[in-house]
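Chain by chain, the residues:
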Amino acid sequence: MELVEAIILAVLAASTPLLIAATGELVTERSGVLNLGVEGMMIVGAACGFAGAWLTGSIFIGALFGIVAGTMMSLIFALMALGLAVNQVATGLALTILGVGLSGLIGARFVGERITPAVHLSIPGLTDIPLVGRVLFGEDAFVYVSIALVVGVWWFLYRTRAGLILRACGDNHVSAHALGYPVLRIRTFAVMFGGACAGLAGAYLPLAYTPFFIPGMTAGRGWIALALVVFSSWRPGRLVVGAYLFGAVTILQLHAQGWGVGIPSQFMSALPYLATIIVLVMLSRARSGGSTAPAALGTVFVPDR
Amino acid sequence: MQLVLEKRAERSGTIALVSPLLAIGLTIVTMVILFAILGKNPLLALHAYFIAPLTDGYSLQEIAVKATPLVMIAIGLSLCYLANAWNIGAEGQFLIGAVAGSWIAVRTQGTDAGAWVLPAMLVLAAAAGALYALIPAICKVKFGASEILTSLMLVYVADLFLDYLVRGPWRDPHGFNFPTTAEFDPVATVPLLIEGGRLHLGSIIALLVVAAAAILLARTIKGFEIRVVGAAPRAARFGGFNANQLIILTFAVSGALAGLAGIIEVAGPVGHLQPGISPGYGFTAIIVAFLGRLNPVGILIAGLFLALTFIGGEQAQIAMKIPLDVTKVFQGILLFYVLACDSLILYRFKLVSSNRQVPRGAG
């Protein structure tokens, strides 16, 4: 029982950064923009988030730092890919290369420092319920925020007019433009939302997952988040399933290493990456009839006057 | 008034020529600001980065040594990008090439194996790199899985695999428990061009690769197909060119070149297999490919320039305590400016009055 609870808690913790980053990217992609710079925005969010928390002693301010940093990074992307109509794949790669360098530069003086990690919720009576108590009522704020974020995004995309317009931009920017919607402005906001989420997801790592900063600590989570968006068929509900599945794979391999299964640890560590490839292949294959991706995803749009 | 982009009637040849130079100029201006923020004298820092490495023979050789893998990988990537196939996992193909070639070096260690060892290592490394690159290419062509994500995921897998080998079965028993193989035998080492220097045979191979790519693109039907499929996919379909076949081909070629670069690095400057044999060559090569405008000669020049920043970065760290990460920031900013300046080849800015009547959507 204790073990099951511990595993569920660990899976939630490992899934949360994936879920937050992927939710942001889902909105960006729904508007028709492919931002491959999630890893770069996350790692800068991690460095700035830790810096903020270490300087002020407040996890909340640290998270804000991460959000602002991720948003600033995404604005560079928006300027390039939307303002200057540069190829989105190349721009996203550039953003990741820049982000890795910047985070090393910002985080260098914080390596080796420790902070008090984010506190976990504690409601007397509820948190003590066996098995489900700590899972439901004993998480840190990031976990609850991630759930609220997905629900909010689902509601926005499918239940509001603004969400409908955003999806229209992603499916057919020429028609959306002809109807008078400011396609580039809407996309800029979507990119910024993606950046804010990636920054928050990055900040989660040194603020709640491990209470210290190491360079390169995102370890490809930004790329896995991108794969999750494909996995989800661009639907928030399936994103939750995907994120928790991947969190489970990560925790499973960690536990297997701990139990001393006779497989070298490096092979176990490679599992999440291999799982990503296998899932991408199986999904793409199952979908061979027609793509569920936003129709205008990744295409350049320069409005004619 | 509002600044908007407008498509040019035809691409601007002048801007195509000056845009890489403009990008480098803008990057240097940005770096001056960054150095000032870091509290370093910008002029001294620029000198350490771009001038000092050019003033002594050892550094000049070191630039050529660093440029060798960058140019070889970037040439392969440029073929992919021209054909609109996005291989971003060159780093992994580089590592797998290094591992495959090292296998022969490790197995023949201490035996009286002859001069066939090094050629066999090069061939096996290229084959392994090509096979590793074919995984994302086949996933793309057969199943439609994004080659960007799969090729990138395989970088992490290759990294872990190399780590396993040098910590496990291939670890040097006399290596004080360091994760490294034993030093390769002389027959398994890339020969130096100058006795006692740094320059090795790999740089010659890189030059041959540049020449071969230039001929392929300018003088052969395959090269023409690659350019058409990327630039005008619809026209290519009418022309009967097979885009899928070209994805397979360009991935295989770029994987082979990255694998070759990997074993040349290990059997050359490094001398043994260990983790961290690449300071991100596979990713920096993406910048080299774009800075060189996906043109073989351009890539050669861009590779030398990026190699200069690696060496300059090391010297600036030693001389002025400027963190090594500044080099990565520099490379990232450079790629941004290159892409932005390239945009001006196809588009121009235009001022329009912002009080135009915007029709409102239905509803």
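The following paragraphs examine the structure supplied in this document. Small disclaimer: the values here were computed from a predicted structure and weren't measured.

**A few points about the interface of chain B and chain A**
Facing 46 residues of chain B, the contacting portion of chain A comprises 49 residues. Taken over both partners, the interface formed by chain B and chain A buries close to 4100 Å², and the fraction arising from carbon and sulfur atoms is 81%. Along the contact surface separating chain B from chain A lie 0 salt bridges. The set of elements that each furnish at least two residues to the side of chain B that touches chain A consists of strand 1 (2-7), helix 5 (117-143), helix 6 (147-167), helix 11 (281-291), helix 13 (325-346) and strand 2 (347-352) of chain B. With 13 residues, helix 6 of chain B is the largest single contributor of residues to the side of chain B that touches chain A. Looking at the side of chain B that touches chain A, its residues break down into 35 nonpolar, 5 polar and 6 charged.

**Concerning the environment of L136 of chain A**
Within the fold, L136 of chain A resides in helix 5 (residues 133-137). Each C-alpha atom of the pair L136 of chain A and I278 of chain A lies 31 Å from the other, and the pair is 142 residues apart in sequence.

**Points about the packing of aromatic side chains**
Summed over all chains, the structure comprises 19 aromatic pairs over all chains. Between F50 of chain A and F110 of chain A the ring centres are 6.1 Å apart and the planes differ by 70°, which places this aromatic pair in the edge-to-face class. Taken together, the positions of F50 of chain A in helix 2 (residues 38-56) and F110 of chain A in the loop between helix 4 (88-107) and helix 5 put the pair 60 residues apart, joining distant regions of the chain. The two residues F50 of chain A and F110 of chain A agree in class, both being buried. Ring plane angle 70° and centroid distance 5.4 Å describe the contact between W54 of chain A and F110 of chain A, whose orientation is recorded as edge-to-face. Taken together, the residues W54 of chain A in helix 2 and F110 of chain A in the loop between helix 4 and helix 5 connect sequence positions 56 residues apart. W54 of chain A gets classed as partly exposed once you look at its relative accessible area, which sits at 29%. Clustering of aromatic rings is evident, with ring pairs tying together F35, Y49, F50, F305 and F330 of chain B.

Definitions and limits used
- For every chain, the first residue of the written sequence is number 1, and numbering continues from 1 onward in sequence order.
- Here the convention is simple: chains get letters from A, ligands get numbers from 1, in the order in which they are written.
- The model is predicted, so local features are restricted to residues of pLDDT at least 70 and side-chain atom pairs to those at 80 or more, both for listing and for counting; the totals for chains, interfaces and linings are taken over all residues.
- As a rule here, side-chain values come from all non-hydrogen atoms in the structure, and water together with hydrogens is ignored.
- Residue contacts are defined here by distance: any two heavy atoms, one from each residue, within 4.5 Å place the two residues in contact.
- Accessible area that two parts lose when put together, evaluated with a 1.4 Å probe and summed over both, is termed the buried area.
- We count a salt bridge whenever a side-chain nitrogen from Lys or Arg sits within 4 Å of a carboxyl oxygen from Asp or Glu.
- The secondary structure listing takes helices from DSSP runs of H or I that are at least 4 residues long and strands from runs of E that are at least 2 residues long, numbered from the N terminus.
- Ten residue types, Ala, Val, Leu, Ile, Met, Phe, Trp, Tyr, Cys and Pro, are classed as nonpolar, four, Asp, Glu, Lys and Arg, as charged, and the remainder, Gly among them, as polar.
- Planes of paired rings set the category: under 30 degrees apart is stacked, over 60 is edge-to-face and the rest tilted, where pairs are Phe, Tyr or Trp rings (Trp by its six-membered ring) whose centres lie within 6.5 Å.
- A simple rule labels every residue: compare its accessible area, found with a 1.4 Å probe on the protein chains alone, to the largest value its type can have, and call it buried under 20%, exposed over 50%, or partly exposed in between.

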